Amino acid sequence: MHNMKNVFYLILLSIAVFFFTACSQEPKEYSDREFAELQMRLMVSYAENVMDTSTDARLLVSPRSIRDGKLFMVPSRDWTSGFFPGNLWYMYEWTGDEFWKEKAIKFTDFIEREKTNAGTHDMGFKIYCSFGNGYRLLQDERYKDIMIEAAQTLSTRFNSTIGCIRSWDHNTDKWVFPVIIDNMMNLEFLFWATKATGDSSFYNIAVSHADVTLQNHFREDNSSYHVVDYDPETGEVRNKHTHQGYAHESAWARGQAWGLYGYTMCYRETGKKEYLEQAEKIAAFMLNHPNLDKDLVPYWDYNAPDIPNAPRDVSAATIMSSALMELSEYSSSKSDYYKETARQIAENVKTFYRSEVGSNFGFLLDNSTGHLPGDHEIDVPLIYADYYYLETLKRLGW
Ligand code: GLY
């Protein structure tokens, strides 16, 4: 009965979108907000329909991408599971509409079980984007307790000899203690945990991780390696590799964006000038790179051999635009330049990479690349591209 209701609602929504797009005399110009509301409502319906009809035992709770022509949903343990609830919270913040609050609460709750999952460093992505945004908006004490438990779980992955949080447990044939540049993103959650509890150990872990990463992840030109592998007994670096980039010595686009966002955020939380300097150096590397197209949306790797025919990574662009908006608040000499560049990226993303209204299962943006060497998620919508797009719009003042 519930399924029938969802199918009926989907049909109704599709007819409404078709009516608005096809039957109006002039093609309708949607505002950013109208566009986001239409698309996100569509995604909620599709997601609820998958959840009601799926026979998959893994409890699929969060949309991640499109695969084989279908909405690809993931269980809470997937690193991307927090972004969809995060998007719902941003929609609530943007519109004040109770519809989004209700859906955000519902989809956030599915992620709670991750608070004790010590098998991953992605706790920040999962818990801070979902419960973190919810707590910021509702101040719900239950959310706070869940988040503190999750931050304690994440802290168990810290190795004090190395001074870093271990990123992955998989591919033990390739590395011993891998630390990926993406891991910088999970530090924001630890900074929050110290502010929430008064326990400085979370802060100290975050600063140690950022310092050691600053020492070992960056090349002379301020691009970063993807994976640095450490010896947990001595703390020495064993190898510097890539996993999702073109080559060990190449600059994987999303990794550069994670670094920019991570060091900008670390400067906000600590006031340490070396973090701000590193963020500005990363920004210079990206924005002056000869392979960055004039639309400012990176190819999936700055050194991809088939540029200009290589796939783009719109997620790298939206992470970058959100980070540049924040960096513009701290930079003494380039504030206007960063803000204008972020605004330009958002404008270009909207003009050239936005989904058609009513298409792509409600994803806002197309043309991201998740893992090209793994041969999956190439030139497709990805939920985190949408998350950082919404965050960029918020930072631009909606
Ligand atoms: N953190 C995983 C990725 O960026 O693909």
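Per chain, residue numbering runs from 1 following the sequence as it is written. The predicted origin of the model limits local features to residues at a pLDDT of at least 70 and limits the giving and counting of side-chain atom pairs to 80 or more, whereas totals for whole chains, interfaces and linings rest on all residues. Excluding hydrogens and water, the side-chain values take into account all heavy atoms of the structure.

## Examining the sheet that holds strand β5 (residues 177-180)
Pairing is antiparallel across the open sheet formed by three strands, whose spatial order is β5-β6-β7. Looking at strand neighbours, the two that pair on one side only are β5 and β7 (237-241), the edges of this open sheet. Direction aside, neighbouring strands of the sheet carry axes that sit 25 degrees apart on average. In the sheet, strand β6 (residues 227-230) pairs with β7 via four bridges, with the strands oriented antiparallel. The residue bridging D229 from the neighbouring strand is N239, located in β7. By the convention used here, residues are in contact when the closest approach between their heavy atoms is within 4.5 Å. Helix axes are fitted only over the stretch in contact, all axes being lines through C-alpha atoms; the angle between N-to-C directions runs from 0 to 180 degrees. Strands here are runs of E lasting at least two residues and helices are runs of H or I lasting at least four, both read from the DSSP assignment and numbered beginning at the N terminus. With respect to the sheet, helix α8 (residues 201-216) is in contact with β5, β6 and β7, its orientation differing from that of β6 by roughly 105 degrees. DSSP calls a pair of strands paired once it identifies at least 2 bridges connecting them.

## Here we look at the packing of helix α2 (residues 32-53) against helix α3 (residues 83-95)
In helix packing, the relevant descriptors are the interaxial angle and the interaxial distance, both defined with respect to the helix axes. In contact at an axis separation of 11 Å, α2 and α3 are set at 140 degrees when each is read in the N-to-C sense. It follows that α2 is oblique to α3 by the angle criterion. α3 is crossed by α2, and the crossing has left-handed handedness. In this structure, α2 uses D32, R33, A36, E37, M40, M43 and V44 to contact α3, whose residues at the interface are F84, N87, L88, M91, W94 and T95. We call Asp, Glu, Lys and Arg charged. Ala, Val, Leu, Ile, Met, Phe, Trp, Tyr, Cys and Pro are nonpolar, and the rest, Gly among them, are polar. Among the residues forming the contact of α2 with α3, the class breakdown is eight nonpolar, two polar and three charged. Put simply, angles under 35 degrees are roughly parallel, angles over 145 are roughly antiparallel, angles from 65 to 115 are roughly perpendicular, and the rest are oblique. For any pair of crossing helices, the crossing counts as left-handed if the nearer helix is rotated counterclockwise from the farther one by less than a right angle, and right-handed if it is rotated clockwise.

## Describing the site of the ligand
In the vicinity of the ligand, the contacting residues are W79, D182, Q244, W252, R254 and W258. What qualifies as a polar contact is a pair of N or O atoms within 3.5 Å, subject to a donor-acceptor requirement within protein and to the restriction that residues adjacent in sequence count only when both atoms come from side chains. The contact in question runs from an oxygen atom of the ligand to an N or O atom on the side chain of Q244, over 2.7 Å. Contact distances for the ligand include 2.6 Å between an oxygen atom and a side-chain N or O atom of R254. Note on areas: Shrake-Rupley with a 1.4 Å probe; residue coverage comes only from the protein chains shown. Coverage of the ligand by the protein amounts to 94% of the 200 Å² it exposes when considered alone. Its residues assigned to classes, the shell around the ligand comprises three nonpolar, one polar and two charged. Throughout, the term near means that a residue has one or more heavy atoms lying within 4 Å of the molecule or strand in question.

## Quick word on the pattern of salt bridges
Salt bridges are defined as contacts in which a side-chain nitrogen from Lys or Arg sits within 4 Å of a carboxyl oxygen from Asp or Glu. All chains considered together, the criterion is met by 34 salt bridges. Two residues, R142 and D109, come together in a salt bridge whose shortest N-O distance is 2.6 Å. Taken together, the positions of R142 in helix α6 (residues 141-155) and D109 in helix α4 (residues 98-109) put the pair 33 residues apart, joining distant regions of the chain. Classification of R142 as partly exposed rests on a relative accessible area of 37%. Among the salt bridges present, the one from R343 reaches E340, with a minimum N-O distance of 2.8 Å. Remark: E340 and R343 occur in helix α12 (residues 335-352); sequence separation between them is three residues, near one turn of the helix. Connected through salt bridges with shared partners, the residues E188, K195, R268, E269, E326, E391 and R395 form a single ionic network. Buried means the residue's accessible area, taken with a 1.4 Å probe over protein chains only, is under 20% of the maximum for its type, while exposed means over 50%, and partly exposed covers the values in between.

## Regarding the nonpolar core
By size, the foremost hydrophobic cluster in this structure holds 110 residues, and its most contacted members are F83, L187, F189, L190, L260, L324 and Y388. If sequence neighbours within four positions are ignored, L190 has contacts with A151, L154, S155, I165, F202, Y203, I205 and A206. Buried Ala, Val, Leu, Ile, Met, Phe, Trp, Tyr and Cys residues form a nonpolar core when they are joined through side-chain atoms within 4.5 Å. The next biggest cluster of nonpolar side chains, apart from the first, holds eight residues, and it includes C164, V212, Y225 and V228.

## Notes on the pairing of β6
Alternating residues of β6 divide into V227 and D229 and V228 and Y230, and every residue in both groups is buried. With four bridges connecting them, β5 and β6 associate as antiparallel partners. Bridging across to β6, V179 finds its partner in V228. Hairpin remark: β6 followed by β7, antiparallel, with six residues in the connecting loop; positive phi at G235, about 85 degrees.

## Notes on helix α5 (residues 123-138)
By definition, a residue's bend is the angle between the axes fitted to the seven residues ending there and the seven starting there. Bending of α5 peaks at approximately 35 degrees at the position of C129. Looking at α5, one finds that the buried residues are M123, G124, F125, K126, I127, C129, S130, F131, G132, N133, G134 and Y135. The inward-facing, buried residues of α5 contact α3, α4, α6, α7 (187-197), α9 (253-270) and α13 (383-395). Phi turns positive, to about 55 degrees, at Q139, one or two residues after α5.

## Focus on the packing of α7 against α9
Where α7 contacts α9, the axes come no closer than 10 Å and their chain directions differ by 15 degrees. Judged by the angle between their axes, α7 and α9 are roughly parallel. For the element pair α7 and α9, the recorded crossing hand is left-handed. In contact with L187, E188, F191 and K195 of α7, α9 contributes Y261, M265, C266, R268, E269 and T270. Split into classes, the residues belonging to the contact of α7 with α9 amount to five nonpolar, one polar and four charged.

## Overview of the pairing of strand β2 (residues 70-74)
The pairing of strand β1 (residues 62-67) with β2 spans five bridges and is classified as antiparallel. In the sheet register, S62 faces β2, and the bridge partner there is V74. In textbook terms, the turn of a hairpin is the stretch between consecutive antiparallel strands, and for β1 and β2 this stretch comprises two residues, one of which, D68, has a positive phi near 50 degrees.

## A word on α9
The span you would expect from a helix comes to 1.5 Å times its residue count less one. Given a rise of 1.5 Å per residue, 18 residues ought to cover 26 Å, and the 26 Å separating the end C-alpha atoms of α9 matches this to within 8%. Most of α9 sits out of view: 17 of its 18 residues are buried. Phi for G271, located one or two positions after α9, is positive at around 75 degrees.

## Here we look at the packing of aromatic side chains
Centres within 6.5 Å are what make two rings of Phe, Tyr or Trp a pair, Trp counting through its six-membered ring; a difference in plane orientation under 30 degrees is then read as stacked, over 60 as edge-to-face, and the rest as tilted. Following the criterion strictly, the structure yields 31 aromatic pairs and no others. On the basis of an interplanar angle of 70 degrees and a centroid distance of 5.8 Å, the ring pair of W258 and Y388 is categorised as edge-to-face. Here Y388 lies in helix α13 and W258 lies in helix α9, a separation of 130 residues in the sequence. When sorted by exposure, W258 lands in the same class as Y388, which is buried. Measuring from centroid to centroid gives 5.4 Å for Y267 and Y330, while their planes differ by 65 degrees, and the two rings are edge-to-face. Taken together, the residues Y267 in helix α9 and Y330 in helix α11 (residues 314-330) connect sequence positions 63 residues apart. Through a chain of ring-to-ring contacts, three or more aromatic side chains come together here, namely W79, F83, Y90, F125, W258, Y261, Y384, Y387 and Y388.

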